[in-house]
Amino acid sequence: QYSPHCVPGPDGEIDPSEITLPGCSCRRSSCVAPECSCLRRGDNYSGPRLLGAEQEGFARPVFECNALCPCGESCRNRLVQRGLRLRLQVFRTASKGWGVRPLEPVPRGTFVCEYAGEVLGAAEARRRSRAQSPQDSNYLLAVREHLHDGRVLETFVDPTRVGNVGRFLNHSCEPNLVMVPVRVHSAVPRLALFAAADIPAGEELCYDYSGRFHNSLGSSREPKPLEEENRPRKPCYCGSPTCASFLPWDSSLFSTP
């Protein structure tokens, strides 16, 4: 089932459409930093492009103005919520199954699409992961945001049954997209993918499944696979000079909580 945005999973723990974030009090048509409370960390966008995705070696938080903000739909701090604007094509690759490519040039920093699906609680995400066989396609994505006080926020999105074009994006060890958690109406982030470089029309769009691209290694290092699981790693066919030979592996969903 196609859905442009995330939907609640069957466990009912999280509703990503619920409005839980406060709005700003700006009275102008387009908010500016530092007056706007949604822009407390500075400007997010320059026109249709993301600013500072690789600042200080990690992706900084992005808060867009939301339904409770009086600034209006023309505010420049509303980008991801406007949805997909590029012409994208799902196509059959030579060795990786389906893939996605743009039918027009994509400038660096441009919002490409969300990775949308069912938002799951940790227990349901673990149950689905354990139910998969090595031959199954795995679309379930675990995103961990490391806060300054040491806490880690986890978001689990699975587009296997409900999702959008983002489910067809392949991994690359040298990707041209970067994933940034963007919060709009809810504390549940939207997993937004932006162009990490100027991308010509027809080039396959890929991102790093491990999350290490544009993030410091110390905070997002890939967990080592558990010896007792003995699950085979899936080969990586990205073809980049720095290819790790295998797709990123996160054993935490297979371990005992």
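Since we're looking at a predicted model, the values are computed, not measured. Position numbers for residues count from 1 along each chain, tracking the sequence in the order it is written. Residues qualify for local features only when their pLDDT is at least 70, as the model is predicted, and side-chain atom pairs are given and counted only at 80 or more; totals for whole chains, interfaces and linings, by contrast, use all residues. Only hydrogens and water are removed before side-chain values are computed, so all heavy atoms of the structure are retained for them.

Undergrad: Would you mind going over the pattern of salt bridges with me for this structure?
TA: Opposite charge on two side chains lets them pair, provided their charged atoms get close. What counts as a salt bridge is simple: a side-chain nitrogen of Lys or Arg found within 4 Å of a carboxyl oxygen of Asp or Glu. Scanning the entire structure with this criterion turns up 11 salt bridges. The residue Arg76 makes a salt bridge to Asp43 at a minimum N-O spacing of 3.4 Å. Residue Arg76 is found in the loop between β4 (62-63) and β5 (88-92), and its partner Asp43 is found in the loop between β1 (7-8) and β2 (45-46); the two are separated by 33 residues along the sequence. What makes Arg76 partly exposed here is its relative accessible area of 36%. Only protein chains enter the accessibility calculation, which uses a 1.4 Å probe; a residue whose area is less than 20% of its type maximum is buried, one above 50% is exposed, and one in between is partly exposed. In this structure Asp43 comes out as partly exposed when scored by relative accessible area, which is 30%. In this structure, Glu104 and Arg87 form a salt bridge, with 3.7 Å as the shortest nitrogen-oxygen distance. Of this pair, Glu104 sits in the loop between β6 (98-102) and β7 (111-114) while Arg87 is found in the loop between β4 and β5, placing the two residues 17 residues apart along the sequence. In this structure Glu104 comes out as partly exposed when scored by relative accessible area, which is 22%. Helix and strand assignments come from DSSP, with helices taken as H or I runs of at least 4 residues and strands as E runs of at least 2, each series counted from the N terminus.

Undergrad: Whenever I open this one, the layout of surface pockets confuses me. Can you help?
TA: Rolled over the atoms, a probe as big as a water molecule pinpoints where empty space is left. By volume, the second largest pocket amounts to about 150 Å³. Definitions used throughout: a 1 Å grid over protein atoms alone; a cavity as a set of points that fits a 1.4 Å probe which cannot get out; a pocket as an open set with protein on both sides within 12 Å along at least five of seven lines; a lining residue as one with an atom within 4 Å of a point. Contributing to the lining of the second largest pocket are His5, Cys6, Pro16, Ser17, Glu114, Val184, His185, Ser186, Val188, Pro189 and Arg190. For this classification, Asp, Glu, Lys and Arg are treated as charged, while Ala, Val, Leu, Ile, Met, Phe, Trp, Tyr, Cys and Pro are nonpolar and the rest, including Gly, are polar. Here the residues of the lining of the second largest pocket are counted per class, giving five nonpolar, four polar and two charged. Grid points are joined across faces, edges and corners, and a volume is the space filled by probe spheres set on the points.

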